[in-house]
Amino acid sequence: MSTILVTGGTGTLGRLVVERLRAGGHEVRVLSRHAEPYAVDLREGGPALDAAVTGVDTVVHCASSPRGGDERATARLIAAARRAGVTHLVYISIVGVDQVPYPYYRAKLAVEKLVAESGLGWTVLRATQFHDLLVQALQALAKVPVLLLPAQVSDQPVEVAEVADRLTELAVGAPAGRVDDMGGPEVRTAESLARAYLKASGRRCAVVNVPLWGAAYRGFRSGGHLAPERAVGRGTFEDYLATRVRR
């Protein structure tokens, strides 16, 4: 069995990938800013990063931050992986990073380019947004009496456990380049998702669709972040709500 390093291995997706790889008999190292013995800030790199990748066959790169720094972090990771002789770098990205000019998406697209040009064997999987992230956003929006939503925007949430299954499969396989996108089973309007959340949580809010402006909003409104032709996920938003959201 191989030795695999998972960056962001304590996060929503990373911890599930770690569990699955270990269940498969692989030696797994977890890298995050606070996970000993491989507590590393990828943006800074250093000897701890070199130690983390030494003897590793595959790196599954799940670490990411909407606050910035992903490109610098990935560049340091790639440099360390090349020095250590890593043979496979697997990266999880987002559907629509090349279609929606949203700053975080632009950073993810730039990281994809770094991975593809790394000189390492590589695999990139793009997935639609996780149910977890959507619920976090709705929880924040529903704290006031009027829940405001971007008008004419839909989403295609996917179950994170299913993405973890796919990422694990890719990690133990050969480098495959850019693989098929992975989308949730349904494309839903933001309003229908919000009303499903309110019903499941027992919250009462007025739901108002608000037209926005800007290139990013136009990208989301046109569905650049959706993959209806790759609706391979099985777990619906209601399935997630039934098991994770309580009144």
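Below is a summary of the structure that appears in this document. Values in this document were obtained by computation on a predicted structure and should not be read as measured data. Position numbers for residues count from 1 along each chain, tracking the sequence in the order it is written. For a predicted model such as this one, the threshold for reporting local features is a pLDDT of at least 70, and the threshold for listing and counting side-chain atom pairs is 80 or more; totals across whole chains, interfaces and linings nevertheless cover every residue. Only hydrogens and water are set aside; all other atoms, that is, all heavy atoms of the structure, feed into the side-chain values.

### Notes on the nonpolar core
For step 1, the next point in the chain: Residues Val-6, Leu-13, Val-60, Val-163 and Leu-167 are the most contacted members of the largest nonpolar core, which totals 27 residues.
For step 2, the next point in the chain: Contributing elements (two or more residues each) for this core: β1 (3-7), α1 (14-23), β2 (27-31), β4 (88-94), β5 (121-127) and α6 (160-171).
For step 3, the next point in the chain: With seven residues, the top contributor of residues to this core is α6.
For step 4, the next point in the chain: In what follows, a contact means two residues having at least one pair of non-hydrogen atoms within 4.5 Å. Residues within four places of Leu-167 in sequence aside, it is in contact with Leu-13, Val-17, Val-60, Cys-62, Val-90, Ile-92 and Leu-125.
For step 5, the next point in the chain: Ala-52, Ala-73, Val-115 and Val-124 belong to the second largest nonpolar core, which has 22 residues in total. What makes a nonpolar core is a set of buried Ala, Val, Leu, Ile, Met, Phe, Trp, Tyr and Cys residues whose side-chain atoms join them at distances within 4.5 Å. Accessible area is worked out with a 1.4 Å probe on protein chains only. A residue is then buried under 20% of its type maximum, exposed over 50%, and partly exposed in between. Strands here are runs of E lasting at least two residues and helices are runs of H or I lasting at least four, both read from the DSSP assignment and numbered beginning at the N terminus.

### A short note on the pattern of salt bridges
For step 1, the next point in the chain: Counted as salt bridges are all cases of a side-chain nitrogen of Lys or Arg within 4 Å of a carboxyl oxygen of Asp or Glu. This model, assessed by the stated rule, comprises 13 salt bridges.
For step 2, the next point in the chain: The closest approach of N and O atoms between Arg-72 and Glu-44, which form a salt bridge, is 3.6 Å. Residue Arg-72 is found in helix α3 (residues 70-84), and its partner Glu-44 is found in the loop between β2 and α2 (47-53); the two are separated by 28 residues along the sequence.
For step 3, the next point in the chain: Residue Glu-44 is classed as partly exposed on the basis of its relative accessible area of 49%.
For step 4, the next point in the chain: Put simply, Arg-230 and Asp-180 hold a salt bridge, and the shortest N to O gap is 4.0 Å. Of this pair, Arg-230 sits in the loop between α8 (215-221) and α9 (237-244) while Asp-180 sits in the loop between β8 (177-178) and β9 (188-189), and the two are 50 residues apart along the sequence.
For step 5, the next point in the chain: Among the charged side chains, a salt-bridge network with shared partners connects Asp-98, Glu-112 and Arg-126.

### Observations regarding the packing of aromatic side chains
For step 1, the next point in the chain: In this scheme Phe, Tyr and Trp rings, the latter by its six-membered ring, pair at centre separations within 6.5 Å, and the angle between planes marks the pair as stacked below 30 degrees, edge-to-face above 60, and tilted otherwise. According to the stated counting rule, one finds three aromatic pairs in the structure shown.
For step 2, the next point in the chain: Ring centres of Tyr-102 and Tyr-105 lie 5.5 Å apart, and the angle between their planes is 85°; this geometry places the pair in the edge-to-face category.
For step 3, the next point in the chain: Judged by relative accessible area, Tyr-102 falls into the partly exposed class, the value being 36%.
For step 4, the next point in the chain: What makes Tyr-105 buried here is its relative accessible area of 3%.
For step 5, the next point in the chain: Taking 5.6 Å as the distance between ring centres and 75° as the angle between the ring planes, the aromatic pair formed by Tyr-105 and Phe-220 counts as edge-to-face. You can see Tyr-105 sitting in helix α4 (residues 103-116) and its partner Phe-220 sitting in helix α8, a full 115 residues away along the chain.

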